Amino acid sequence: MPRVQFLGTGNAFAPHGRMHALALIDGCILIDAPPTLLPQLRRAAISPAEIEHLLFTHWHADHIFGFPFLILERQHVSDAAGERILDVHLRPSGREILSELCRMGFPGSLEAALEERIDWHQAESGVLAKSGWRFERFPVCHTPETDPHGYEMIHQSGFRFLHCGDSGPCEGIESRAARANVILVEMGVPDFVQSPHHHTPSDVIALAERHPEAMILVTHNYASGTDETEGFDLPDLPEEIRQLEDGDVLDIISENEFFLVRK
Ligand SMILES: [Zn+2]
Ligand SMILES: [Zn+2]
């Protein structure tokens, strides 16, 4: 049964009660690599060596700074024998950015691993080997310097999971939302922040109204977690819009049957 685990649901400021946004599909496909990627995997009892595919949305630190730690850990601990290849799916500019990040973080330590233990894939769509998933990457509206993209994840069962990336409302999301079963939207800022590059609560409500047939999940939340007393309160969204908490899981039975589980 396919499943998506939400190992983090916070924006770049890591609000109280949230780690940075991170989605893990079927225990082996990661979308983005936030700074605390390793503790997030440990908390979910996932070995870093189990990750087979890593898909990047854009080049902001809260989405990529965990990459050097992942490569270092696999090299020395969970895949010390060098038996695993990590498939990294990214835009053409990404290999140089991530390689520079590794050079800065662990100079002299990761150069060989970047060559020998990673398969770099720059195609805008493809099949994720040894999984039931394929993807299509599409441009979204966010800080242009970060080359921002979202991912339409399509399971062999026909189930469509739309990861909107870090973005404001845009045509790329809109056209794909119409056929998605579940839409994961990053709600990075509150309504009083004027930014075309992020979804606000009002934007999320409008998205849900335009696409009532899809389940809307909110991540990359600027607000604190449910039980927190400090920071921003959760915005008042309609009940059918689910504001995710760290540790939530989406269990997928079929194209038309899926449910969200809170631990
Ligand atoms: Zn972000
Ligand atoms: Zn961003």
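The notes below deal with the structure included here.

Thresholds, definitions, all that
- Residues numbered from 1 in each chain as written.
- Chains lettered and ligands numbered in written order.
- Predicted model: local features only at pLDDT ≥ 70, side-chain atom pairs only at ≥ 80, totals over all residues.
- Heavy atoms only, no water.
- Pairing = 2+ DSSP bridges.
- Helix = DSSP H or I, 4+ residues; strand = E, 2+ residues; numbered from the N terminus.
- Axes fitted to C-alpha atoms, helices over the stretch in contact; angles between N-to-C directions.
- Contact = heavy atoms within 4.5 Å.
- Donors = N, O, S within 2.8 Å, 3.2 Å for Na, K, Ca; no water.
- Tetrahedral: all angles 85-135°; square planar, octahedral: opposite > 155°, others 65-115°.
- Buried < 20%, exposed > 50% of the residue type's maximum accessible area, 1.4 Å probe, protein only.
- Polar contact = N/O pair within 3.5 Å; in protein donor to acceptor, adjacent residues only side chain to side chain.

1. A look at the sheet that holds strand β3 (residues 29–31)
Spatial strand order, β6-β5-β4-β3-β2-β1-β14-β15: eight strands in an open sheet with mixed pairing. Since the sheet does not close on itself, it has two edges, and those belong to β6 (118–121) and β15 (257–261), each with one partner. With strand direction ignored, the average angle separating the axes of adjacent strands in the sheet is 20°. Packed on one face of the sheet, helix α3 (residues 67–78) meets β4 (53–55), β5 (86–89) and β6 and runs near 165° to β5.

2. Some words on the coordination of the zinc ion (ligand 1)
For the zinc ion (ligand 1), the full set of protein donor atoms is D62 (OD), H63 (NE2), D166 (OD) and H220 (NE2), at a range of 2.1 to 2.6 Å. Each of the four donor atoms around the zinc ion (ligand 1) contributes to a set of angles spanning 86 to 169°, which defines the coordination as irregular. One chain supplies every donor to the zinc ion (ligand 1), and in sequence these donors are spaced D-H-x102-D-x53-H.

3. With respect to the sheet that holds strand β10 (residues 160–163)
If you walk across this open sheet you meet the seven strands as β7-β8-β9-β10-β11-β12-β13, and the pairing is mixed. Each having just a single partner strand, β7 (125–127) and β13 (241–243) make up the two edges of the open sheet. Pairs of neighbouring strands in the sheet enclose a mean axial angle of 15°, with direction left out of account. Bridge count for β7 against strand β8 (residues 133–139) is three bridges, and the pairing is antiparallel. Opposite G126, over in β8, you have F135 as the bridge partner. Sitting on the sheet, helix α7 (residues 201–210) touches β11 (182–186), β12 (215–219) and β13, and the angle it makes with β12 is about 165°.

4. A word on the environment of S167
Considering the arrangement of structural elements, one finds S167 in the loop between β10 and α6 (171–177). For S167, a relative accessible area of 0% corresponds to the buried category. Placed 21 residues apart in sequence, S167 and G188 show a C-alpha to C-alpha distance of 8.4 Å. Sequence-distant contacts of S167, that is, excluding residues within four places in its chain, are made with V140, C141, H142, I173, E186, H197, H198 and H199. At 3.0 Å, the side chain of S167 forms a polar contact with the backbone nitrogen of C141.

5. Topic: the pairing of strand β9 (residues 149–155)
Counting buried residues along β9, seven of its seven residues qualify, which places the element largely inside the surrounding structure. Side chains of β9 alternate between two faces, with H149, Y151, M153 and H155 and G150, E152 and I154 buried alike. Examined bridge by bridge, β8 and β9 share seven bridges and lie antiparallel to one another. When the bridges of β9 are listed, P139 appears paired with H149. Direction of pairing for β9 relative to β10: antiparallel, over a ladder of four bridges. In the sheet register, Y151 faces β10, and the bridge partner there is H163. The antiparallel hairpin formed by β9 and β10 contains four residues in its connecting segment, where G158 sits at a positive phi of about 105°.

6. What about the coordination of the zinc ion (ligand 2)?
Ligation of the zinc ion (ligand 2) by protein atoms is provided by H58 (NE2), H60 (ND1), H142 (NE2) and D166 (OD), these donors lying 2.1 to 2.3 Å from the ion. Sequence spacing of the donor residues for the zinc ion (ligand 2), all on one chain, is H-x1-H-x81-H-x23-D. A separation of 3.5 Å is found between the zinc ion (ligand 2) and the zinc ion (ligand 1), which share D166 as a coordinating residue. Remark: D166 occurs in the loop between β10 and α6 and H60 occurs in the loop between β4 and α2 (61–64); sequence separation between them is 106 residues.

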